[in-house]
Amino acid sequence: MNGTACNLKYFPINNIKMEVPFFQRPYVWTIDNWKVFLNSIVDENNKMPFIGSFIFQEIRMNSRTYSIIDGQQRLTTMFVMIKAYLDVFLTNLNPDDASEIKRIILIRKPGALNSKAVYESRLIPSAFDKPSFKAVMDFDVSCSDPNKVLNTKGQIADAYLYFYNEFKNYENKVMFDIGQKILSDSNFYISIDIDSDDDVQKIFDSVNSLGQKLTCADIIKNYLFQKLRSFCVNVAQKDDVINIYNENWEDVFYSNDKHKYWIDLKSF
């Protein structure tokens, strides 16, 4: 296990791509979390506020694609906030700053050198959040259409609209300051890379007391699918695990009529 103090430039410099494991719970942050997150950035002088640590495990050796073991809520919020910032303020930024901020959340898809560059998000969300995330992080157009996002269900869409509307009301100076903080060289989080032989579930359990608590059902589900995935020796077996998840977990626990029940805190 190795920890490194980082800033957001770490992602493009190291060509990092991050993936929320398909079996992790959906994005659950709400307006109270978004307010605290954004206010902490606005109130900090000349740099980003410290936001804790992210725990990653490389999916394949030297792939530069990492599974997010802890920190998906904060990372997803960060990406959605930056996308909303670009959609509101892109035309006010100088080209170099605009390009640098884009590179933080975007990665170029591999393809022919002579073809038009196509980009995708560095962050791949959980299975449940993909439709909402795609509506927000749509890179086939210059910016997301707030009206389109407005008609999209999901917490990620709601987060985007919150940040978009807040940024629309900020003065230019505040928006320029936020952009400089996003591009700051000051380190404000710890990136923790765990080895393939580290016990992911023990690490996951040890940090579960922080942030938005998981339900007991989520903890059990994470353990089961992490264990199943550890037994896979080829892609076909991994696909089988995903199919088991889709058939026996996602629809039961995260369909539209059941999602709210499982993410609400329960008192027993």
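Placed above this text is the structure.
Conventions adopted
- Residues numbered from 1 in each chain as written.
- Predicted model: local features only at pLDDT ≥ 70, side-chain atom pairs only at ≥ 80, totals over all residues.
- Heavy atoms only, no water.
- Helix = DSSP H or I, 4+ residues; strand = E, 2+ residues; numbered from the N terminus.
- Expected span 1.5 Å × (residues − 1).
- Buried < 20%, exposed > 50% of the residue type's maximum accessible area, 1.4 Å probe, protein only.
- Arc of directions from axis to C-beta.
- Contact = heavy atoms within 4.5 Å.
- Pairing = 2+ DSSP bridges.
- Phe/Tyr/Trp six-rings, centres within 6.5 Å; stacked < 30°, edge-to-face > 60°.
- Axes fitted to C-alpha atoms, helices over the stretch in contact; angles between N-to-C directions.
- Parallel < 35°, antiparallel > 145°, perpendicular 65-115°, else oblique.
- Left-handed = near helix turned anticlockwise from the far one by under 90°.

S.K.: Just give me the short version of helix α2 (residues 31-43), but keep the residues and values in it.
M.R.: Helix length check: α2, at 13 residues, gives a terminal C-alpha distance of 18 Å against a target of 18 Å (1.5 Å per residue), a fit within 8%. Residues of α2 that are buried include every one of Trp34, Phe37, Leu38 and Ile41, and no others. Summarising the axial view, the buried residues of α2 lie within an arc of 90°, below the 170-degree limit, and thus occupy one face. Turned more than 90 degrees from where α2 packs its buried face, Asp32, Val36 and Asp43 sit exposed. Structurally, α2 contributes buried residues whose contacts are with α3 (72-89), α7 (155-169) and α8 (172-182).

S.K.: Summarise the sheet that holds strand β2 (residues 17-19); cite the residues concerned and give the values.
M.R.: Strand order in the open sheet formed by six strands is β1-β8-β3-β4-β2-β7, with mixed pairing between adjacent strands. This sheet does not close on itself; its edge strands, each paired only once, are β1 (2-6) and β7 (123-124).

S.K.: Go over the packing of aromatic side chains, please, and point to the residues and values.
M.R.: Tallied over the full model, the rule gives 16 aromatic pairs. With 5.4 Å between their ring centres and 70° between their planes, Tyr162 and Phe163 make a pair best called edge-to-face. Judged by its relative accessible area of 0%, Phe163 is buried. Among the aromatic residues, those joined into a ring-pair cluster are Tyr10, Phe11, Phe54, Phe56, Tyr66, Phe79, Phe188 and Tyr189.

S.K.: Hey, could you go over unusual backbone geometry for me, with residue numbers and the actual values?
M.R.: The bulk of non-glycine residues show a negative phi, and the bulk of peptide bonds are trans. The backbone of Asn15 shows a phi angle near 55°, a positive value even though the residue is not glycine. Checked against the element boundaries, Asn15 lands in the loop between α1 (10-13) and β2. Positive phi outside glycine occurs at Asn46, with the angle close to 65°. A residue is classified by how much of its surface remains accessible, and Asn46, at 70% relative accessible area, is exposed.

S.K.: Tell me about the packing of α2 against α7, and please be specific about residues and values.
M.R.: Interhelical geometry of α2 versus α7 gives an angle of 40° and a closest axis separation of 10 Å. Taken together, the axes of α2 and α7 lie oblique to each other. Classified by chirality, the crossing of α7 by α2 is right-handed. Across the interface between the two elements, Ile31, Trp34, Lys35, Phe37 and Leu38 from α2 touch Gln155, Asp158, Ala159, Tyr162, Phe163, Glu166 and Phe167 from α7.

S.K.: A description of the side chain of Gln72 should follow, citing residues and the corresponding values.
M.R.: Mapped onto the elements, Gln72 comes out in helix α3. A residue is classified by how much of its surface remains accessible, and Gln72, at 6% relative accessible area, is buried. If we skip the residues at most four places from it in the chain, Gln72 touches Val20, Gln24, Arg25 and Pro26.

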